[in-house]
Amino acid sequence: MIALVLSFCLSAGPAFAIGKAYAPIGKVSVSPLKATPRVVLSLGLSQSLISAPSLALPGLETGLLPVVETQFRFAGAAAQAKTAVVPAANAADAPRRKEKKKGKKKKHPLVKKAEALAESLSPGVRIEALSELLDVENLEQQAQERRMRETAVEVRQQLGTTVLNLNVEAEMNGLGGAKMLSLSQNKKGVRAPFHAFSRGDLVTLTDGRGAPADGTVARVHGNHIDISFEIAPEIPATGLRLEIGESDITHKRMKQALVDLAETEDGDTKRLRATLMGDRQAKLGKVEAVHFLNEKLDEHQRSAVVRALAAEDVALIHGPPGTGKTTTLVELIVQSVRRKQSVLATAPSNVAVNNLVEKLAEAGVRVVRVGNPARVGAELLEYTLDAQIEASEEGKLLVAVREQLAELEPGTSEYRQKLTRIRAWEKKLKTRILDKADVVLGTQGGISTILRGRKFDVAVLDEASQAVEPLSWIPIQLARKVVLAGDPMQLPPTLHSMEAADRGLAVTLMERLIKSLPEGLTSLLRMQYRMHQHIMDFASEEFYDGKLIAAESVRTHLASDLPGVQSNDLTENPVQFIDTVGTDFDEDFDSLTQSYHNEGEAALIGRLYQRLLDSGLRPEQIGVITPYSSQKRLLRQTLGDEASIEVNTVDGFQGREKEVILFSAVRSNRNRDLGFLRELRRLNVAITRPRRLLVFVGDSRTLSRHGIFKRFMDRAKARGYSRSAFEF
């Protein structure tokens, strides 16, 4: 590793902090060195990519104070970073800066120059930095998994990551030769033992004696769970143990994608690499008249489609909550297909990919969903690659041959020969079906192997603001043009390592590009079709510069307008802030889950939920969300066995909506500590999930510690939407 320090002449004085900002793959901050204030830009870099004596740092030639000395330090520790240092403001400014009123902080000019320096790094340096940050993230993930394995099994049972005493209820054949086991736990008094498992999760099944079998969750239903295995496990029918599995396959695929990106000789990939890393200007071409399939698209959606079609390299579609991002993407994809273009559509999550599959199939497009069928709902299985293979005439013969293979002894010469023939046959059928598809869809982590060597005219990356940059490069390298869609003002990618996040891995490709692409290549969807005007207003002003517009169809709709719902003090208002101050609803820390909960708030949410039911609302129309997993568990217990009511964390509810949302903020303490409630994008997600009614439960004294919560509460009070928990 290299640590590069550029020191500048500066008058002596005490160091002071002028704030910090994040570069695409680094961190800008201020720290003292021998009483000299410095702005420090930290980037993970490899010694192999830099020739120290000839290193050129653009932006240092002019505009900065003269360089006094340049020194190179070489160290082997992976945790060390390259550090470029530029001077902070004169220390005499410190008192004046401290007296500035709170508000939107302006970046110091030298901080901006340091960020610009990071932007100007060569693609090779940037790629190596991203690769090393992936390693930092992977090491932390492995450490967390190791700590979980070392945790007592009783604790893991309480967390829901381990379930014991399972029985095999049924065995079934799955698509693509997979074997399915349906498991259940008949233990009395245990409710929803699989609450921590979801479709698509990797799991490990064992009897505690033989080799463990790795599978994928296909379905969770009450006290039953269906698991898909590539090869049927040889295990007894009772006394089984299921655990959340571990895999570094996505990490390996991202690492390989960066290697491929650095070494590519493909002309399209080299052009996109230069464009997306700032070495080449993105180009906007012309597009012929567009005859829209969906005549209901608004002007902002239509403009986004036209701009994306006209882009020659890259286009961005910024879709705030409820603005019809998926609808816009479907139109764009259909228009591309009409122009005889092949399309790859991806997202980091199976839920988002499956949503696109459903909408595109409804639009009459020939779609192929690649990836494990276990991660696709039953209603969409017919669109999977495996299902389409087995539905063909040759595929039916293939299924019969697989059944013959199952009767042979694994490891024998006959078994191996037949297996080789089957795999060659499968490959031929997969190629044939993929060649006929208008649109191929899959998660970014699940397409690298099966689509290797293919080239698409357009790659559409949905939820691009939730994918770390290396993940986005997997589909980009398969395309001639890329369209990224998402919302950087909602939650960023989930990372295990704070170090990796702070050093820039949390900065997505979309977040980086939205600041640098020409205006004609970025589109903001402004008309939202979800929220009442008064629910939308706050998020619009705080996160979207006041640019969101409530469609006429939702502008004034209320919960009391729903069929069968009575009009009362809850249902006839779009927003209710229920203030728990003075109630002694204090937070508690759960050492088991390392999370917070608030029993008083949970009980209050339970009473509010019952009042909504008494008003005529149905359980499936209501969502209950909270930032903390421990509070989620407590709320689930409080609300009982009602399966129709959805209880989740804010992070788990992103992309969803309900007619009514009950939100529990949890934090209430003497120190007014907000914890990760300070992640304002989490607040944005929370308050933009409801269509007609947002009920926000929280302690005003603790929450007002942060200005944005205070502004939310002040607005609620000014509009008559603030009430005391004592009323309930």
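Residues numbered from 1 in each chain as written. Predicted model: local features only at pLDDT ≥ 70, side-chain atom pairs only at ≥ 80, totals over all residues. Heavy atoms only, no water.

### So, the overall build of the chain
Next up, step 1: Along its length, the chain carries 22 helices and 29 strands.
Next up, step 2: The buried share of the chain, reckoned over its 728 residues, is 53%.
Next up, step 3: Taking as baseline every contact in the chain between residues at least 6 positions apart, the subset at least 24 positions apart corresponds to 74%.
Next up, step 4: When the accessible area of the chain is evaluated, it comes to approximately 33,200 Å², of which 49% is carbon and sulfur surface. (Helix = DSSP H or I, 4+ residues; strand = E, 2+ residues; numbered from the N terminus. Buried < 20%, exposed > 50% of the residue type's maximum accessible area, 1.4 Å probe, protein only. Contact = heavy atoms within 4.5 Å. Areas by Shrake-Rupley, 256 points an atom, 1.4 Å probe, with all protein chains shown as cover.)

### Let's talk about the packing of aromatic side chains
Next up, step 1: All told, the structure shown has 9 aromatic pairs when counted by the stated rule.
Next up, step 2: When the centroid spacing of 6.5 Å and the interplanar angle of 85° are considered together, the rings of F577 and F712 count as edge-to-face. Separated by 135 residues along the polypeptide, F577 in strand β22 (residues 575–579) and F712 in helix α22 (residues 707–718) bring together distant segments of the chain.
Next up, step 3: F577 gets classed as buried once you look at its relative accessible area, which sits at 1%.
Next up, step 4: With relative accessibility at 6%, the residue F712 sits in the buried group.
Next up, step 5: Three or more aromatic residues link up through ring pairs in this structure, and these residues are F538, F577, F663, F696 and F712.
Next up, step 6: One residue, R667, lies across the ring of Y596, its end atom 3.8 Å from the ring centre. (Phe/Tyr/Trp six-rings, centres within 6.5 Å; stacked < 30°, edge-to-face > 60°. Lys NZ or Arg CZ within 6 Å of the ring centre and 35° of its normal.)

### Focus: the packing of helix α11 (residues 393–406) against helix α12 (residues 413–436)
Helix-helix packing is described using two parameters, namely the angle between the two axes and the distance between the axes.
Next up, step 1: Interaxial distance between α11 and α12 falls to 11 Å at its minimum, and their mutual angle equals 160°. Taken together, the axes of α11 and α12 lie roughly antiparallel to each other. Considering only the axes of α11 and α12, their crossing is left-handed. Along the contact surface, α11 presents E394, G395, L397, L398, V401, R402, Q404 and L405, while α12 presents Y415, K418, L419, I422, W425, E426, K428, L429 and R432.
Next up, step 2: In the contact of α11 with α12, the residues fall into 9 nonpolar, 2 polar and 6 charged. (Axes fitted to C-alpha atoms, helices over the stretch in contact; angles between N-to-C directions. Parallel < 35°, antiparallel > 145°, perpendicular 65-115°, else oblique. Left-handed = near helix turned anticlockwise from the far one by under 90°. Nonpolar A, V, L, I, M, F, W, Y, C, P; charged D, E, K, R; others polar.)

### Remarks on the nonpolar core
Next up, step 1: Residues V439, L441 and L484 are the most contacted members of the largest nonpolar core, which totals 89 residues.
Next up, step 2: Formed jointly, this core draws a minimum of three residues from each of two domains, domain 1 (110–150 + 247–366 + 440–525) and domain 3 (380–437). (Core = buried A, V, L, I, M, F, W, Y, C linked by side-chain atoms within 4.5 Å. Domains from an automatic or database assignment.)

### Looking at the confidence of the model for the chain
Next up, step 1: Of the residues in the chain, 82% have a pLDDT of 70 or more, and the chain-wide mean is 83.
Next up, step 2: In the model, residues 1–104 has pLDDT below 50 throughout and makes 221 contacts with residues more than four positions away in sequence or in other chains. (pLDDT = per-residue confidence, 0-100.)

### Notes on helix α13 (residues 469–476)
Next up, step 1: Counting buried residues in α13 gives 8 out of 8 residues, a clear majority hidden from the surface.
Next up, step 2: Along α13, the residues that are buried comprise E469, P470, L471, S472, W473, I474, P475 and I476.

### Some details on the packing of helix α5 (residues 249–263) against α13
Next up, step 1: It is at 8 Å that the axes of α5 and α13 come closest, and there the two elements cross at 65°. The angle between the axes of α5 and α13 places the two elements in the roughly perpendicular class. Judged by the sense of rotation from one axis to the other, the crossing of α5 with α13 is left-handed. Of the residues in α13, those touching α5 at T250, R253, M254, A257, L258 and L261 are P470, L471, W473 and I474.
Next up, step 2: Counted by class, the contact of α5 with α13 contains 8 nonpolar, 1 polar and 1 charged residues.

### A look at the sheet that holds strand β29 (residues 722–724)
Next up, step 1: Strand order in the open sheet formed by 6 strands is β26-β25-β27-β28-β22-β29, with parallel pairing between adjacent strands. Every other strand in the sheet has two partners, leaving β26 (646–649) and β29 as the edge strands with one partner each. Neighbour-to-neighbour, the strand axes of this sheet turn through a mean angle of 20°, independent of strand direction.
Next up, step 2: The pairing of strand β27 (residues 658–664) with strand β28 (residues 690–698) spans 6 bridges and is classified as parallel. By the bridge assignment for β28, F663 is matched with F696.
Next up, step 3: Its contacts with the sheet place helix α17 (residues 599–614) against β22, β25 (622–626), β27 and β28, and it is angled at close to 160° to β27.
Next up, step 4: Strand contacts of helix α20 (residues 680–687): β25, β27 and β28, with the helix running at about 130° to β28, the strand carrying the most contacts. (Pairing = 2+ DSSP bridges.)

### Remarks on the environment of K270
Next up, step 1: Note on placement: K270 falls in helix α6 (residues 267–276).
Next up, step 2: On a C-alpha basis, the gap between K270 and Q477 in space is 9.0 Å, while along the polypeptide they are 207 residues apart.

### Quick notes on the pattern of salt bridges
Next up, step 1: Enumeration over the complete set of coordinates arrives at 42 salt bridges.
Next up, step 2: Between D714 and K710 there is a salt bridge; the shortest N-O distance is 3.0 Å. Residue D714 and its partner K710 are both found in helix α22; the two are separated by 4 residues, about one turn of the helix.
Next up, step 3: If you follow the salt bridges from partner to partner, you end up with D268, R271, R280, D313, D457 and R480 in one network. (Salt bridge = Lys/Arg side-chain N within 4 Å of Asp/Glu carboxyl O.)

### Describing the pairing of strand β9 (residues 202–206)
Next up, step 1: Extensive coverage of β9 is indicated by the burial of 4 of its 5 residues.
Next up, step 2: For β9 and strand β10 (residues 213–221), the ladder comprises 4 bridges, and the chain directions are antiparallel. Considered in β10, the bridge of V203 is made with G215.
Next up, step 3: Bridge analysis of β9 against strand β12 (residues 240–244) gives 4 bridges, and the strand direction is antiparallel. When the bridges of β12 are listed, L205 appears paired with L242.

### Concerning the environment of V581
Next up, step 1: Along the chain, the position of V581 falls in the loop between β22 and β23 (588–590).
Next up, step 2: For the pair V581 and D699, spaced 118 residues apart in sequence, the C-alpha to C-alpha distance is 4.9 Å.
Next up, step 3: If near-sequence neighbours (up to four positions away) are discounted, V581 is found in contact with D699, S700, R701 and F726.

### Describing unusual backbone geometry
Next up, step 1: For D584, which is not a glycine, the phi torsion comes out positive at approximately 65°.
Next up, step 2: You can see D584 is positioned in the loop between β22 and β23.
Next up, step 3: Residue class for D584 comes out exposed when judged on its relative accessible area of 67%.
Next up, step 4: Unusually for a residue other than glycine, R672 sits at a positive phi of about 55°.
Next up, step 5: With respect to the helices and strands, R672 occurs in the loop between β27 and α20.
Next up, step 6: The class for R672 is partly exposed, based on a relative accessible area of 26%.

### What to know about the sheet that holds strand β7 (residues 162–173)
Next up, step 1: Strand order in the closed barrel formed by 6 strands is β7-β8-β11-β10-β9-β12, with antiparallel pairing between adjacent strands. On average, adjacent strands in this sheet sit at an angle of 45° to one another, irrespective of strand direction.

### Some details on the side chain of R723
Next up, step 1: Within the secondary structure, R723 is located in strand β29.
Next up, step 2: Within the structure, the side chain of R723 is placed 2.7 Å from the side chain of D569, a separation counted as a polar contact. (Polar contact = N/O pair within 3.5 Å; in protein donor to acceptor, adjacent residues only side chain to side chain.)

### Let's talk about the pairing of β25
Next up, step 1: In terms of burial, β25 is a largely internal element, 5 of the 5 residues being buried.
Next up, step 2: Residues I622, V624 and T626 of β25 are buried on one face, and the alternating residues G623 and I625, pointing to the opposite face, are buried as well.
Next up, step 3: Where β25 lies against β27, 4 bridges are found, and the strand directions are parallel. What sits directly across from I622, in β27, is V660.
Next up, step 4: One ladder, built from 4 bridges, connects β25 with β26; its direction is parallel. Of the residues in β26, the one forming a bridge with I625 is N648.

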